[in-house]
Amino acid sequence: MTRLTAAAAIALVGTANAFTVPQNSLATRSASPLKMSDEDKSPASGRFVERGVSMDQDGKSNVWAIEPKMEIENKSSEEKTGGAIAAIAGLGVFAAIAAGILTNLPDPDQF
């Protein structure tokens, strides 16, 4: 019984480090906000420039909406139709195989 208690104590002490905060310099580094692109920084000063906002000569701020980038479809309607037909044909083949297997199962009342 004492051997089991000693083994349990050693296991608990060994796993205690799993719940401590790492002390390396990578974990203590300050985090910067993530950006999707580098377009938000002006190249000359390197400081953050807010998009959609500007100041005019009188010092008044102008705010406008930025249009989202448009997505262009690369597939033609023939390619989309061909893909849909292939998907429907695959589903039909699966249904036919499943129906064939399920109708030929043995009767469970025979056992």
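Residues numbered from 1 in each chain as written. Predicted model: local features only at pLDDT ≥ 70, side-chain atom pairs only at ≥ 80, totals over all residues. Heavy atoms only, no water.

### Regarding the overall build of the chain
Here is step 1: Helix and strand content of the chain: two helices and two strands.
Here is step 2: Start at the N end of the chain and walk to the C end: the helices and strands fall as α-β-β-α.
Here is step 3: In the chain, buried positions account for 2% of the 111 residues.
Here is step 4: Total accessible area on the chain stands at roughly 10900 Å², and carbon and sulfur atoms take up 62% of it. (Helix = DSSP H or I, 4+ residues; strand = E, 2+ residues; numbered from the N terminus. Buried < 20%, exposed > 50% of the residue type's maximum accessible area, 1.4 Å probe, protein only. Areas by Shrake-Rupley, 256 points an atom, 1.4 Å probe, with all protein chains shown as cover.)

### Observations regarding helix α1 (residues 2-15)
Because each turn of an α-helix spans 3.6 residues, side chains separated by three or four positions end up pointing in the same direction.
Here is step 1: Helix length check: α1, at 14 residues, gives a terminal C-alpha distance of 20 Å against a target of 20 Å (1.5 Å per residue), a fit within 8%.
Here is step 2: Of all the 14 residues making up α1, zero are buried; the element is thus mostly uncovered. (Expected span 1.5 Å × (residues − 1).)

### With respect to a nonpolar patch on the surface
Here is step 1: Side chains of Val93, Ile97, Ile101, Leu102 and Leu105 sit close together on the surface and give an oily, nonpolar patch of about 510 Å² of accessible area.
Here is step 2: Of note, Ile101 is situated in helix α2 (residues 77-103).
Here is step 3: The class for Ile101 is exposed, based on a relative accessible area of 52%. (Patch = residues over 30% accessible without salt bridge, like charges linked within 9 Å, V, L, I, M, F, W, Y side chains within 5 Å. Salt bridge = Lys/Arg side-chain N within 4 Å of Asp/Glu carboxyl O.)

### Observations concerning the confidence of the model for the chain
Close inspection of predicted coordinates is inappropriate for parts of the model with low pLDDT.
Here is step 1: Per-residue confidence for the chain gives a mean pLDDT of 77, with 69% of residues at or over 70.
Here is step 2: Per-element mean pLDDT across the chain ranges from 78 in strand β1 (residues 53-55) up to 95 in α2. (pLDDT = per-residue confidence, 0-100.)

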